[in-house]
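What the coordinates show
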Amino acid sequence: MKNYIDLYYQGSEDVINDSELQAWANSIITDGKIQGFMPINHKDVLIETLTMIIFTASAQHAAVNFPQKPLMTYAPAISGAGWQACPTTQIGHTQADWQKFLPPIEQSFEQLNILYLLGSVHYRPLGDYRSNHFPYLAWFEDDRVTEDNGPLAEFRQALIDVEAIINARNSERISYNFLLPSQIPTSINI
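Quick summary incoming for the structure in this document. As the structure is a prediction and not an experimental result, all values here were calculated from the model. (Residues numbered from 1 in each chain as written. Predicted model: local features only at pLDDT ≥ 70, side-chain atom pairs only at ≥ 80, totals over all residues. Heavy atoms only, no water.)

What about helix 9 (residues 151–170)?
With 20 residues, helix 9 ought to run about 28 Å at 1.5 Å a step, and its terminal C-alpha atoms sit 28 Å apart, in line with that. Taken together, the buried positions of helix 9 are occupied by Pro151, Leu152, Leu159, Glu163, Ile166 and Asn170. All buried residues of helix 9 fall inside an arc of 115° around its axis, so they share one side. In the core, the buried residues of helix 9 are packed alongside helix 1 (2–8) and helix 8 (143–146). (Helix = DSSP H or I, 4+ residues; strand = E, 2+ residues; numbered from the N terminus. Expected span 1.5 Å × (residues − 1). Buried < 20%, exposed > 50% of the residue type's maximum accessible area, 1.4 Å probe, protein only. Arc of directions from axis to C-beta. Contact = heavy atoms within 4.5 Å.)

Here you go:
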């Protein structure tokens, strides 16, 4: 993030004097619902703020959203709700007593469909920034961002490096693939 911000802001004074940035931050402080959001009055604060936003809308969302399909679509394991009072002891209850706690089959199918959808849609991976309209042109038009040694290339290489580390670790443990950079979308896509 720092190398991208460095292209546009030489120092904190540039951040303070960016009227559009300050209007955005002020709107979040006065009209937004984000508790503790502070004025962006220093270049490091801008870097930290944008890093948090990008992380939340990409990696954190992927960590919460994409396990839904493989881990939560089996309604008896994760029903989302109890449909009757659960038996308070394991002894003295029949299988039918326990099944009453589970969702009706129609709701189970609905859960399956919703969680399958939520956990299946991968729009575009992190680092792939194109417009949403055909012919899906590159989002960044500034050559300083997109040049071979620019911030975007560095970011993409860092993602490749992180994925190689995760894959190496996954070869020695139960794999957790939801945060592989290639599986993280650029933003919340549902």
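Read on for the rest.
A look at the pattern of salt bridges
On inspection of all chains with the given rule, the structure shows four salt bridges. In this structure, Asp6 engages Lys2 in a salt bridge whose closest nitrogen and oxygen atoms are separated by 2.8 Å. Of this pair, Asp6 and Lys2 both sit in helix 1, four residues apart, which is roughly one turn of that helix. Accessibility expressed as a relative area gives 25% for Asp6, which makes it partly exposed. Of the charged contacts in the structure, one is a salt bridge between Asp6 and Lys43, with a shortest N-O distance of 2.5 Å. (Salt bridge = Lys/Arg side-chain N within 4 Å of Asp/Glu carboxyl O.)

Remarks on helix 7 (residues 105–118)
Counting along an α-helix, one turn takes 3.6 residues, and residues three or four places apart therefore face a common direction. Between its terminal C-alpha atoms helix 7 stretches 20 Å, which fits the 20 Å expected from 14 residues at 1.5 Å a residue. Residues of helix 7 that are buried include every one of Ser108, Gln111 and Leu115, and no others. What you see down the axis of helix 7 is that its buried residues fit within an arc of 60°, all on one side. Close packing links the buried residues of helix 7 with helix 5 (68–72).

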